[in-house]
Every structure is written in structure tokens, then in C-alpha cells.
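A closer look at the structure
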Amino acid sequence: PISFKSIRDYIFDHKINKSDSIVLNPLNYQSILEEIKNSEEEIDIPINVFGILLVQDDSVELGKVQIVKNEHLNS
């Protein structure tokens, strides 16, 4: 199951870079929002975990994550 803690662990385990985004299914995203609302931790919305933005998209399968890299193009 996707939770705030599992996302945090995923970021560390996969060495996701700051300014990248993690895309979640809207149901998983809403689940994390509920978890945050019931938490004593202060977490800003939009959800930003260590500089990585969490966003929602219907094209992402429930229970899966998609990483969007913020690549800088050289001219």
C-alpha cells in the first residue's frame, strides 16, 4: 500500500532527485492526503517530500508510482 512513509522510503531507496515529481493515481493521492490530515506532522499541500512534488494523474495505475525527471537540457 502507498503511504506517506512508503513514498518517503521510495525516495531514499531510488535516489529520486529534488525537483523531480512522483505521480500517483488520484485514489492513492487522496489516501495520502487523508493520512496527512490525521497526522500531527505539518506537511504543506501541494505535497512536497524532500523537494519532490507529489502529483496525481488518472493514467497511473492504482498502487503504482511514476517518476517524472526534471531534466535540464543543454542548448
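Residues numbered from 1 in each chain as written. Predicted model: local features only at pLDDT ≥ 70, side-chain atom pairs only at ≥ 80, totals over all residues. Heavy atoms only, no water.

A separate point is the side chain of N25. On the secondary structure map, N25 appears in the loop between β1 (21-24) and α2 (26-37). For N25, a relative accessible area of 10% translates into the label buried. Of the polar contacts made by the side chain of N25, one reaches the backbone nitrogen of L27; its length is 2.8 Å. The contact partners of N25, leaving out residues within four places of it in the chain, are D57, V60, E61 and L62. (Helix = DSSP H or I, 4+ residues; strand = E, 2+ residues; numbered from the N terminus. Buried < 20%, exposed > 50% of the residue type's maximum accessible area, 1.4 Å probe, protein only. Polar contact = N/O pair within 3.5 Å; in protein donor to acceptor, adjacent residues only side chain to side chain. Contact = heavy atoms within 4.5 Å.)

Our focus in this paragraph is the packing of helix α1 (residues 4-13) against α2. In contact at an axis separation of 9 Å, α1 and α2 are set at 110° when each is read in the N-to-C sense. Taken as axis vectors, α1 and α2 run roughly perpendicular relative to one another. Across from F4, K5 and I7 in α1, the residues of α2 making contact are I32, E35 and I36. Classifying every residue of the contact of α1 with α2 gives four nonpolar, no polar and two charged. (Axes fitted to C-alpha atoms, helices over the stretch in contact; angles between N-to-C directions. Parallel < 35°, antiparallel > 145°, perpendicular 65-115°, else oblique. Nonpolar A, V, L, I, M, F, W, Y, C, P; charged D, E, K, R; others polar.)

On a regular strand, each side chain points to the face opposite its neighbour's, so the side chains alternate between the two faces of the sheet. The pairing of β1 with strand β3 (residues 52-56) spans four bridges and is classified as parallel. Opposite L24, over in β3, you have Q56 as the bridge partner. Counting the residues in the hairpin turn of strand β2 (residues 48-49) and β3 gives two residues, including F50, whose phi is positive at 55°. (Pairing = 2+ DSSP bridges.)

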